[in-house]
Each structure stands twice: as structure tokens, then as C-alpha cells.
Amino acid sequence: MSENRIAIEGKAEQSGVQASRRISVAPMMDWTDRHCRHFHRLISQYTWLYTEMVTTGALVYGDVERHLRFNDEEHPVALQLGGSDPKDLASAAKLGEKWGYDEINLNCGCPSPRVQKGAFGACLMTEPELVRDCVKAMKDAVDIEVTVKHRIGIDHEESYDFVRDFVGTVAEAGCTTFVVHARNAILKGLSPKENREIPPLKYEYAYQLKKDFPQFEILINGGIKTLEEIDTHLQHVDGVMLGREAYHNPYLMAAFDQRYYGAAEEPRSRQQVLEAMMPYIEEQLAKEGGKGLKINTITRHMLGLAQGLQGARQYRQTLSDAKKLAAGDPRILLEAFSRTK
């Protein structure tokens, strides 16, 4: 266990706060990279964070360090894997544990054509016995928790029985945490973006899963945007996972530690978050600027921080100014924020 993880858990214990998946930020391709997660951690100390989906092929045959490295400050953080071969998933899970992740999550919800071609993601829901075998292989390989993120149905299979039977079968491998994206995945005819918006949300399916499997940890995901909505869901399930809202309106997370984890400390202000990001950006550019890392690789995740403030548009414009970004100066963050009132 890293020194930073020990420090975080020690602070949590002193504050009477226990790390949990009560609130989490969804794995989102091209968004929740290590820079984004570091930024999110500055807003909320206790919200559970997830990586982008990493395929087993990328780890078995690719650059492991590039895909798995993360900042110790990100804890608690989970690695989401994409794959369908039990042996490869077990190997990838071992790597995730070795690199220090707190959880391994199997993606059974992504509907993209690329993922379908690889026969994993949402299409795995049609093969619950295979998912069970994959989970068992990973659980046998690691000591950290293995969880599953899934949809409630595939294409026009809309009965509650489908997702209930899926969860029941996968649970035979010892999986006790299920993240339920409460929409069907339409594998043909809808883009990934449309799959996040068009299939109707059926939160009641997740609620019923908790009733049918009270011994399991059930988290709900899909279209959740406000604290009030989170409060409502937590009356029925164990945790709430936010996706796009956490990315586009990240300062919503500033309320999470006190509201959902009982933390006593006040959250950082928006400006304090930006000030805390500046040395991080300087450090990353110093380490990897020669390898092609540009400042906008990091600052692009911060465009939503001024959401709801007067001058938010000017903030985004300043933080998107190619000429200013070319200078590679982290002070652009404060310049952008000075446009708000």
C-alpha cells in the first residue's frame, strides 16, 4: 500500500469517514484519465474514481505503464477492464492489483462497435455464464474486490427478469457489487452517444435488484445530475455513480464529502482547486513535456469548473485559447477564472 493511500485512510479514520462507493464517478473513455481523476480528487477526497476502460489486449500486448500508471492521490481508484477471456482478464487483474488499484471492474455495458467486435462490453450480458467465469478467474487471481458494471438489457430484451438472472448468475462467482446503468444497450442502430440518451431510463430495475439481492451492493448509474436526485436514489440503492454531469459540472462534487461521507472539513473553493492544479501541471510538463505532453491534455478536463458562474463562457474561451495554451503556463487557469464573477 502506498504512503499516500495510508495517509488518506488515516485522515479518513480521524475524520470518522470511511471510503466507500456511496458516490462514484463513472469510467468514461477519453475523459477519466489520470489527469482528470487528479483534478476530481482535489474537489472531493472520498468519491470513488474509475479509470477509462482498459482492454486486456492493451495490457497483455501493449504498454502497461502507459495504461496503468496513476497518481497516489487518486485513491480510492478502480481499474475498469474490457475483455471476455478469463485467462487474459485474470492476468490484467493481477497487473491492476500490482499497480495499486483498489478494485477491478469488468465492463459489461459499453455498446460501441469496436467493443462489440472484440466480443465484450454490453454484448457479454447475453453470456452470463461466461461473465461468471471471467469474474471467478479474476477473483482467484487477486485479493482486491472484483465488481461488474452492466446495463439492464440488450436491444429489445426489456424484461426485468433478464437483468435479474444476469446478476444472479454472475453472483455465483462471488461478485457482490453491481453497478447498474439503468438503460438498455442497443447494439445495432444507435451510436455510443445515442445509447447514453435514447434508451429510456428504468431506475426501478436497479431498485428491484436491491430488493431481490439485499445482500449485494447495488450502485445506480445513468442520467443523474443533481444532489436531490442522488438523495432520492440513495433511499433505494447503496450508491450512485455519476457520469457526464461529473465531467461537465465537476464542482457539483464539492458537496459530496460533507453530504454523503460525513466529512467535517470544508471543500476547496473553485479558485483553490485551480491553484492546487498548478504545481501538478508544472510537475507533469517537467516530466513529460519532452514526450509530447501538452498543457491542454490536462486543462481540457477543467473546462466545466466554472459551470453556473457568471463569466463561465469567458472562462472556457480563455482556457481554450490555442495561443495562450501554447505557452504552457499553468497561470492560464487563474487568468481564465478571473473572467468569472
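Since the structure is predicted, the reported quantities are computational estimates derived from the model, not experimental observations. Here, residues in each chain are numbered from 1, in the same order as that chain's written sequence. Local features in this predicted model are restricted to residues whose pLDDT is 70 or higher, and side-chain atom pairs enter the listing and the counts only when it is 80 or higher, whereas totals over whole chains, interfaces and linings include all residues. Note that the side-chain values use all heavy atoms of the structure and ignore hydrogens as well as water.

Colleague: Can you help me understand the overall build of the protein in this one?
Modeller: Here a helix means four or more residues in a row that DSSP labels H or I, a strand means two or more in a row labelled E, and each is numbered from the N terminus. Within the protein one finds 18 helices and eleven strands. The C-alpha radius of gyration computed for the protein amounts to 20 Å, which stays within 12% of the reference 20 Å derived for 341 residues, consistent with globular compactness. With respect to the principal axes defined by its C-alpha atoms, the protein has extents near 55 × 45 × 45 Å. Buried positions account for 55% of the 341 residues belonging to the protein. When we talk radius of gyration, it's over C-alpha atoms, and the globule rule is simply 2.2 Å times the number of residues to the 0.38. Each residue's exposure class comes from its accessible area (1.4 Å probe, protein chains only) as a fraction of the maximum for that residue type: buried when under 20%, exposed when over 50%, partly exposed otherwise.

Colleague: It is not clear to me how helix α16 (residues 312-319) should be interpreted in this structure. Could you clarify?
Modeller: Owing to its 3.6 residues per turn, the α-helix aligns residues three or four sequence positions apart on the same side. Looking at α16, one finds that the buried residues are Ala312, Tyr315, Thr318 and Leu319. In a view along the axis of α16, the buried residues occupy a sector of 125°, so they form one face of it. At its buried positions, α16 is contacted by α14 (270-288), α15 (295-299), α17 (322-326) and α18 (332-337). The directions from the helix axis to the C-beta atoms are what the arc is built from. Here, residues are in contact when the closest pair of their heavy atoms is within 4.5 Å.

Colleague: I tried to follow the side chain of Asn195 on my own but got confused; where do I start?
Modeller: Inspection of the secondary structure puts Asn195 in helix α9 (residues 192-195). Dropping the residues within four chain positions of it, Asn195 is found in contact with Pro111, Arg151, Arg183, Asn184, Ala185, Ile186 and Leu190.

Colleague: So what exactly am I meant to see when it comes to the confidence of the model for the protein here?
Modeller: Note that predicted coordinates carrying low pLDDT should not be read in detail. Looking at the protein, pLDDT values average 93 and 94% of them are 70 or higher. You can read pLDDT as the predictor saying how much it trusts each residue, on a scale of 0 to 100. When the criterion is pLDDT under 50, residues 1-8 qualifies, and its contacts beyond four places in sequence or with other chains add up to eleven contacts.

Colleague: When you look at helix α5 (residues 86-99) in this model, what are you seeing that I'm missing?
Modeller: In a helix, the anticipated span is given by 1.5 Å times the number of residues less one. End to end, α5 covers 20 Å across 14 residues, agreeing with the expected 20 Å (1.5 Å per residue, within 8%). All of the buried residues in α5 are Leu89, Ala90, Ala92, Ala93 and Gly96. The buried side chains of α5 occupy one side of the element, clustering within an arc of 165° when seen end-on. Residues Lys87 and Lys98 are exposed on α5 and point more than 90 degrees away from its buried face. On its buried face, α5 is in contact with α3 (56-60), α4 (64-68), β4 (77-82), β5 (103-108) and α7 (128-141). Capping the start of α5 is the job of one residue whose side-chain oxygen sits 3.1 Å from the backbone nitrogen of Lys87: Asp85. Where α5 terminates, the next one or two residues include Gly100, which has phi positive at roughly 105°. By the criterion applied in these results, polar contacts are pairs of N or O atoms within 3.5 Å in which, for protein atoms, one can donate a hydrogen and the other can accept it, and in which residues neighboring in sequence qualify only through two side-chain atoms.

Colleague: It is not clear to me how the packing of helix α2 (residues 34-43) against α14 should be interpreted in this structure. Could you clarify?
Modeller: For any two helices packed against each other, the geometry comes down to the angle between their axes and how far apart the axes lie. Here an axis means a line fitted to C-alpha atoms, over the contact stretch when the element is a helix, while the angle between two N-to-C directions is reported on a 0 to 180 degree scale. The N-to-C vectors of α2 and α14 enclose an angle of 155°; their axes lie 10 Å apart at closest approach. With respect to each other, α2 and α14 are oriented roughly antiparallel. Seen along the crossing, α2 lies across α14 with a hand that is right-handed. Judged by residue contacts, Arg34, His35, His38, Phe39, Leu42 and Ile43 of α2 engage Val273, Ala276, Met277, Tyr280, Gln284 and Glu288 from α14. Put simply, Ala, Val, Leu, Ile, Met, Phe, Trp, Tyr, Cys and Pro go in the nonpolar bin, Asp, Glu, Lys and Arg in the charged bin, and everything else, Gly too, in the polar bin. When the residues that make up the contact of α2 with α14 are grouped by side-chain class, the tally is seven nonpolar, three polar and two charged. Any angle between 65 and 115 degrees counts as roughly perpendicular, while under 35 counts as roughly parallel, over 145 as roughly antiparallel, and the rest as oblique. For a crossing to be left-handed, the near helix must be turned anticlockwise from the far one by less than a right angle; the clockwise case is right-handed.

Colleague: Explanation requested: the environment of His156 in the structure shown.
Modeller: Along the chain, His156 turns up in the loop between β7 (153-154) and α8 (160-171). In this structure the C-alpha to C-alpha distance between His156 and Leu187, which are 31 residues apart in sequence, comes to 9.8 Å.

Colleague: Looking at this model, I keep getting lost on the pairing of strand β6 (residues 145-150). Mind explaining?
Modeller: The side chains of a regular strand alternate between both faces of the sheet. Extensive coverage of β6 is indicated by the burial of five of its six residues. Taken together, the six bridges between β5 and β6 define a ladder with parallel strand orientation. If you follow Cys108 over to β6, its bridge partner there is His150. The pairing of β6 with strand β8 (residues 177-181) spans three bridges and is parallel. When DSSP finds at least two bridges between two strands, those strands are taken to pair.

Colleague: What's the story with the layout of surface pockets in this structure? I'm lost.
Modeller: Left-over empty space is what a probe sized like a water molecule reveals as it rolls over the atoms. Approximately 770 Å³ is the volume found for the largest pocket. Cavity and pocket criteria rest on a 1 Å grid covering protein atoms alone: a 1.4 Å probe that fits but cannot get out defines a cavity, protein on both sides within 12 Å along at least 5 of 7 lines defines an open pocket, and an atom within 4 Å of a point defines a lining residue. Together, 34 residues line the largest pocket, and Pro27, Met28, Met29, His181 and Arg196 are the ones closest to its centre. Those elements that place two or more of their residues in the lining of the largest pocket are β5, α6 (113-117), β6, β11 (239-242) and α12 (244-248). Among the elements that line the lining of the largest pocket, the one with the most residues is α12, at three residues. Looking at the lining of the largest pocket residue by residue, the class counts come to 14 nonpolar, eleven polar and nine charged. Grid points are joined across faces, edges and corners, and a volume is the space filled by probe spheres set on the points. In this model, the second largest pocket occupies a volume close to 560 Å³. Together, 21 residues line the second largest pocket, and Asp33, Arg34, Glu52, Arg66 and His67 are the ones closest to its centre. If you list the elements that add at least two residues to the lining of the second largest pocket, you get α2, β3 (54-55) and α4. It is α2 that provides the largest number of residues to the lining of the second largest pocket, a total of three residues. Residue composition of the lining of the second largest pocket, grouped by class: six nonpolar, five polar and ten charged.

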